[in-house]
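# An overview of the molecular structure
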Amino acid sequence: MAQKKFVCSVCGYVHYGDAAPEVCPICKQSGVFVEEKKKGIDTNSNTYTIVYSTILVVIVAVLLAVVSQVLSPRQEANILLDKQKQILGALKIDYSTGNPADIYMALVNDTLTYDKQEVYVANVNGETKYILPLSGKGLWGGIGGYLALDEDKNTIYGVNFNHESETPGLGAKIVEPEFRSQFEGKHIRNAEGAVVSVAVLKAGKHADGQEQVDAISGATITSTGVSTMLHEELVNNYQEFLAGEAGHTAESDPTAEGGLTGEAGQFNTED
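Below is a summary of the structure that appears in this document. (Residues numbered from 1 in each chain as written. Predicted model: local features only at pLDDT ≥ 70, side-chain atom pairs only at ≥ 80, totals over all residues. Heavy atoms only, no water.)

## Describing the pattern of salt bridges
Condition: Salt bridges are defined as contacts in which a side-chain nitrogen from Lys or Arg sits within 4 Å of a carboxyl oxygen from Asp or Glu. Think of it this way: any DSSP run of H or I at least four residues long counts as a helix, any run of E at least two long counts as a strand, and we number them from the N terminus. Only protein chains enter the accessibility calculation, which uses a 1.4 Å probe; a residue whose area is less than 20% of its type maximum is buried, one above 50% is exposed, and one in between is partly exposed.
The final tally for this structure, using the stated rule, is 4 salt bridges. Of the charged contacts, one joins lysine 5 and glutamate 36 as a salt bridge, the two residues approaching to 2.9 Å between their closest N and O atoms. Here lysine 5 is found in strand β1 (residues 4–8), whereas its partner glutamate 36 is found in the loop between β3 (33–35) and α1 (46–90), with 31 residues between them in sequence. By relative accessible area, which is 25% here, lysine 5 ends up partly exposed. Several salt bridges converge on common partners, so that one network encompasses Glu127, Lys129 and Asp150.

As structure tokens, this is what we get:
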């Protein structure tokens, strides 16, 4: 609590405290102290401290809200661009010499919606490709990616995986071409036409009724996570699409504007 200031009216002695002394220790006079009131705002008072802190908190909160609003469009644009790059990766498109957003819009010309799932439709060198978003769990966090299928909805054209926090040099290798390229040309259906996905297994092991790729050595849990993710998404979450049911075409897809006028042949694939 801030102390009060008392001044002796006889000798000018100053005393700080909650109350004035009865007798001045200098001039020995009694009843001579007068409390000196500060003019303006008392910066030592508790009220001042509380009001000042409250105003400061409000100002900081407003500034943070403004900064968030200003940066929000840029953040959303970066998220969208990253999504477009990942889809182009699944389509094996080399966008290093061009604008990824422009290349994406020229190739991806439709978005089909199935319940809560979306399927992107692209035209690559005159051929229809379907791109399916994937989401699953790895060893330390989420994994995901995009799977591109040929028009037969059976043959894998390409894949692109991502991860949040898999171990560098081990589970993180799911993003590398050496692992992803194994999926190209594999089939997600068995001989009877049922959707069974593609298994990710250790070298030497075999899956009955499924095509397979080799797991990453030393990254069993992450490899299993990729295998489980593919199975869950293809067998359980994309039944309508893979069964041939027509999805709902997006009335307006900001990521596909201008896609109908693009010439897919002008872009190079990684094949």
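Next comes the rest of the account.
## Some details on the pairing of strand β8 (residues 156–163)
Short version of the rule: Any two strands between which DSSP finds at least two bridges are classified as paired.
The buried fraction of β8 is high, at 6 of 8 residues. Sheet analysis places strand β7 (residues 142–149) next to β8, joined by 7 bridges and oriented antiparallel. What sits directly across from leucine 149, in β8, is isoleucine 156. Following β7, the chain reverses through 6 residues before pairing antiparallel with β8; lysine 153 in that reversal takes a positive phi of roughly 55 degrees.

## Section: the pairing of strand β5 (residues 117–124)
Among the 8 residues in β5, 6 count as buried, and that is most of the element. For strand β4 (residues 108–114) and β5, the ladder comprises 6 bridges, and the chain directions are antiparallel. Opposite valine 108, over in β5, you have alanine 122 as the bridge partner. Judged from the 5 bridges that link them, β5 and strand β6 (residues 127–137) form a sheet pairing that is antiparallel.

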